[in-house]
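Structural overview for review
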Amino acid sequence: MRLKALCPRRPLVLGLVGALLLAVSATGVAQDVHDDGSQAPVDLVVVMKANRVLYLYADGEMVDQFPIALGKNPIGTKRQRGDNRTPEGLYRLDWRNPDSIFHRSIHVSYPNEQDRAQAEARGVDPGDLIMIHGQPDYDDREREGDWTNGCIAVSNEAINEIWDRVSDGTRIHIYP
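Worth saying up front: this structure is predicted, and the values here are computed from it rather than measured.

What follows covers the overall build of the protein. Secondary structure summary: the protein contains four helices and eight strands in total. Tracing the protein from N to C terminus, the helices and strands come up as α-α-β-β-β-β-β-α-β-β-α-β. In the protein, which comprises 176 residues, the proportion classed as buried is 37%. Entry remark: accessible area of the protein is about 10400 Å², with carbon and sulfur atoms responsible for 53%.

Shown next as structure tokens:
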């Protein structure tokens, strides 16, 4: 009775909560599914390096998330070729390689102008070819921990999903 007094629109509220719960996937992420069964296009990718998670956003709502592996030296931002670090900052996913030696890969626009200027000031090569990619196609060893040379690695299932939902030009924010 008390709930009814506090919330006179209880059936409406419970209905909205039920609808929200139905929209949440097994991973706890709201799924933006259109009437035709397709999923909303992703307009932002966020990587949280410390948590080892990549998030997909559509219209300001998180719509999916995937565990990731990073460069073998994951603390700090990429400063030069060969440092095995994953960059931190604001970039774009600007092209893709369906014939990668990894199961698909999508290029991160590292180095940007600021990265190049900082590397030049230190007299080093900033490196390049930072990708979000699946597992290596050249062998089937199970990888554990951070194992890339600075890329963001996901499962093959995850890269297939990301590949289908992320267009060239999509923003990617990589946080420590």
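Additional details are given in the paragraphs that follow.
What follows concerns the nonpolar core. The nonpolar side chains of a soluble globular protein tend to be buried, and buried together. Counting 27 residues, the largest nonpolar core has Leu54, Leu56, Val108, Ile132, Ile152, Ile162 and Ile172 as its most contacted members. Elements with a minimum of two residues in this core: strand 1 (42-48), strand 2 (53-58), strand 3 (61-67), strand 4 (89-97), strand 5 (105-108), helix 4 (156-165) and strand 8 (166-175). Among the elements that take part in this core, helix 4 stands out by supplying four residues, more than any other.

Reading guide: rules and limits
- Residues numbered from 1 in each chain as written.
- Predicted model: local features only at pLDDT ≥ 70, side-chain atom pairs only at ≥ 80, totals over all residues.
- Heavy atoms only, no water.
- Helix = DSSP H or I, 4+ residues; strand = E, 2+ residues; numbered from the N terminus.
- Buried < 20%, exposed > 50% of the residue type's maximum accessible area, 1.4 Å probe, protein only.
- Areas by Shrake-Rupley, 256 points an atom, 1.4 Å probe, with all protein chains shown as cover.
- Core = buried A, V, L, I, M, F, W, Y, C linked by side-chain atoms within 4.5 Å.

As far as function goes, none of this settles anything; it's purely spatial.
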